Each structure stands twice: as structure tokens, then as C-alpha cells.
Amino acid sequence: MAERIQDIARPLDAAALLRLLPAPPRLLALGEPTHGEDALLDVRNDVFRQLVEQHGYRTIAIESDCLKGLVVDDYVTRGRGTLDEVMAHGFSHPWGPSAPNRELVRWMRAHNEDRPADERIRFAGFDGPLEITGAASPRQSLTALHGYLSAEVDPALLPCTAETLDRLLGADDRWTEPAAMTDPARSVGRSAGAGELRTLAADLVSLLAEQAPHLLATGPRDDWDRARLHGRTATGLLTYHYWMADASPARMTRMLGVRDRMMAGNLLALAERGPTLVHAHNAHLQRERSSMRMWQGPVEWWSAGALVDARLGGEYAFVATALGTIRHQGVDTPPPDTVEGLLYALAQDPCVVGAGRLAEALGDPRPAPRVSPWYGYAPLDPGHLDSVDGVVFVRDMPRP
């Protein structure tokens, strides 16, 4: 079996990834099985550089706050701010300002230097302003959307004033209350004010769509795209907070589903811009239902990848990444009868293999999934190979 896999595995580069596919996709999703490992981000950076320089890709989207990502995009496209400021304020999640992310931003800015605007590469976060411990206030996105429309359309068309929004939003710490994640009664998501904000946000988004011909004719496309992003984020956050205040068994399933639906909306908007490399956890990019065990038990929901694939079909591709060891987290050499163990025996590192050909080489029945001793690492499920376009394998994660 190992010899057959050896025959179909190839050294990893962008060209090898694209050869797995019938045509270059608008969204090429490269997943990772864990967060925080610089070796995986180095692989991502190498692939993105090759996609830009050799295959015409122009955007990278990562699993980070979509609003913070605007800070990074302003820096790499227009030189606004400094690299230190961008790394401090342009990423969410604890793994954000890592050395590979810093190198990615530095390289993108250098690449764009002296290039005309239509040739510059772009950066995007595609996650909502969410963490596992809570969600942001909708203030930033709602006020940005309202401000854009106030400046561009007849004020009589607006459903409310900025002062009304400010009154209904109240103090931001009402929305970011940490205890609300585990106690629905601590959430303001189903208060009368939150309900009114949901109605107003939907109407502002509707007005933005209704006025598209005027807005696109009189202002930059980027400004309209950002207003759409703020609209998706505002309505998404208000829906997320609504379900955070719910006490039914559906609560966590709906919250996780709303998060991935927000991700999918952002990815579909990026697909309109052109070919994009997407990088996030495998669980957000896979076509299968995602699952997680939380304090109240297991939950399942449709991932962003599944939602995007349902819309884009062949213009979405998903390549999962698997790995060998994370010894500093107790993940040692994979058992030889697992997919990771078979790939670990190969000479190429990193390597890529077509998922269909890998499934054929494994035969039937397929190996059982590898068991992870650490909650932060999700091994490749051989049963999912039929819904994956390819597998990237990286042997060892160096100690930090």
C-alpha cells in the first residue's frame, strides 16, 4: 500500500495543487487540522506566493475577524499604518500575530509597492467578529453601514438616525458580556432594543441593495463592497446574539451555524472579486457536516465550505491538510495503519496527493481514523476522502 501511495504523492507546490482540479477554482480552500502551528502557515505562505506569481490569484482570506482584516488590507494595498500597528490590530484569535502572518503581510506590501491598483493583491479576514468566549457588539458594523448610506443617499430614505442606533445599542459591554456564552439569561440578544436593531439592520441592508446602481456609479466599488461587508456582519452578529439568548437545545447548533453562514457570505463576496486562496481549519472548509463536543454534548452544523460549495459547485475546491507529529502537544508518530502513518513514511515533505487516488490506494475498508491525544488537533477522517479534492501532508511541527 505504501508503495502505491508513494507513486501518486507529489512534492507540494501550487501547480501540483491545481493539477488535482479540472479547472482553477474561484475559491481554493486549504485547510489545517490544528491552529497555531507556524509550519502550516509557512506552507500556506509558499503556496500563496506561487499562486500569485504563476497563476493569477489576487486575494488571500484567512480565519480571522473580517473587520480587523480591513486594517491589513489597507496596509498591503495602500500603505496605511505601519507593519507593527497592523500586526497588533489587524488579526483576531490568539494565533493571529505570528511570525508567518507577519511575513505574509510584509511580503504582500512589498509585492504591491509601485503596482497599479488593479494589479495589487488583497487580504481578507472571513470570520465574523466572534470568539469561542463571545461575540462583538454590532456597533462598528451598524454605524459604518449607516454612515456610508447617510453620505450617499437621500436621508429621507434612511429608516433611522445615527442617534437612534446609538440609543438602541447602548453600552458595548452589554453585548460582550462573557457570562452570556454559558448563561442565555445574561445575553441582550432578545431584548426589545435588539429586536428593533435587527429590523433596522435588515432595512439598511435592503436600502444598500436597492441603491446599488447609484452607489456604484458615484463612488468606488471598494466602498460599496465594504458597506456590504458591514451589512452582512451587522445582521450576522444580531442573529448570533439572538441565539445566544436562547435557552432551547438548538442554541449551540444555531450559533455555530450562524458563524459559518457569516463565513460563507464573506467567501462568496470574495469569489466575486476573483481567484482567492482561503485558509482556515479543515472543519470550516469541508463539504461534510462539522461536529464538535461541547459542555452540553455533541453538536453538528453545516460548515462554510459546505455552504459555499452548494452555491459555487466546481468553482470551490477543498484541499485538507494532515500532519504527522506535534510532539510538544503529545501528538507523536502516527500509527502505521492510519492515513497519517502511511503518508509519514513517504520521502516527500510536504507532499500532496489527489483524494480520489488516495482512496483507491487505501482500498476497502478504509483505515480507521487516527485518534488524537490532544483536543486541539483533528486527524483526517478517511471516510471524508470522497468529498475532498486533495490532501496536503506535513510531517512534523517544530517545537515553538
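Values in this document were obtained by computation on a predicted structure and should not be read as measured data.

Parameters and conventions
Residues numbered from 1 in each chain as written. Predicted model: local features only at pLDDT ≥ 70, side-chain atom pairs only at ≥ 80, totals over all residues. Heavy atoms only, no water. Helix = DSSP H or I, 4+ residues; strand = E, 2+ residues; numbered from the N terminus. Rg over C-alpha atoms; globule rule 2.2 N^0.38 Å. Buried < 20%, exposed > 50% of the residue type's maximum accessible area, 1.4 Å probe, protein only. Areas by Shrake-Rupley, 256 points an atom, 1.4 Å probe, with all protein chains shown as cover. Core = buried A, V, L, I, M, F, W, Y, C linked by side-chain atoms within 4.5 Å. Contact = heavy atoms within 4.5 Å. Salt bridge = Lys/Arg side-chain N within 4 Å of Asp/Glu carboxyl O.

S.K.: So what's going on with the overall build of the chain? Which residues, and what values?
M.R.: For the chain, the count of helices and strands is 16 helices and twelve strands. On C-alpha atoms alone, the chain measures out to a radius of gyration of 22 Å, which is about the 21 Å that the 2.2 N^0.38 rule sets for 400 residues. Projected onto its principal axes, the C-alpha positions of the chain cover 70 × 55 × 35 Å. Counting across all 400 residues of the chain, residues that qualify as buried make up 53%. Here the chain has roughly 17200 Å² of accessible surface; of this, 52% comes from carbon and sulfur atoms.

S.K.: Break down the nonpolar core for me, with residues and values.
M.R.: L28, F48, V105, M108 and F123 are the most contacted members of the largest nonpolar core, which has 43 residues in total. Per element, the largest residue contribution to this core is seven residues, and it comes from helix 3 (residues 38-55). Dropping the residues within four chain positions of it, L28 is found in contact with L17, L18, L21, L51, Y57, T276, L277, V278, A317 and V319. If you look at the next biggest cluster of nonpolar residues, it comprises 41 residues, including L27, A124, M263 and L385.

S.K.: Give a detailed account of the pattern of salt bridges, specifying residues and quantitative values.
M.R.: Enumeration over the complete set of coordinates arrives at 28 salt bridges. Among the salt bridges present, the one from D74 reaches R226, with a minimum N-O distance of 2.7 Å. Remark: R226 occurs in helix 11 (residues 221-244) and D74 occurs in helix 4 (residues 69-78); sequence separation between them is 152 residues. Residue D74 is classed as buried on the basis of its relative accessible area, which comes to 12%. The class for R226 is partly exposed, based on a relative accessible area of 22%. R259 is the salt-bridge partner of D127, the closest N and O atoms lying 2.5 Å from each other. Here R259 lies in helix 12 (residues 251-273) and D127 lies in strand 4 (residues 122-127), a separation of 132 residues in the sequence. Summarising the burial analysis for this pair, D127 and R259 share the class buried. Through salt bridges with shared partners, a single network forms among D73, D74, R78, R80, R122, D222 and R226.

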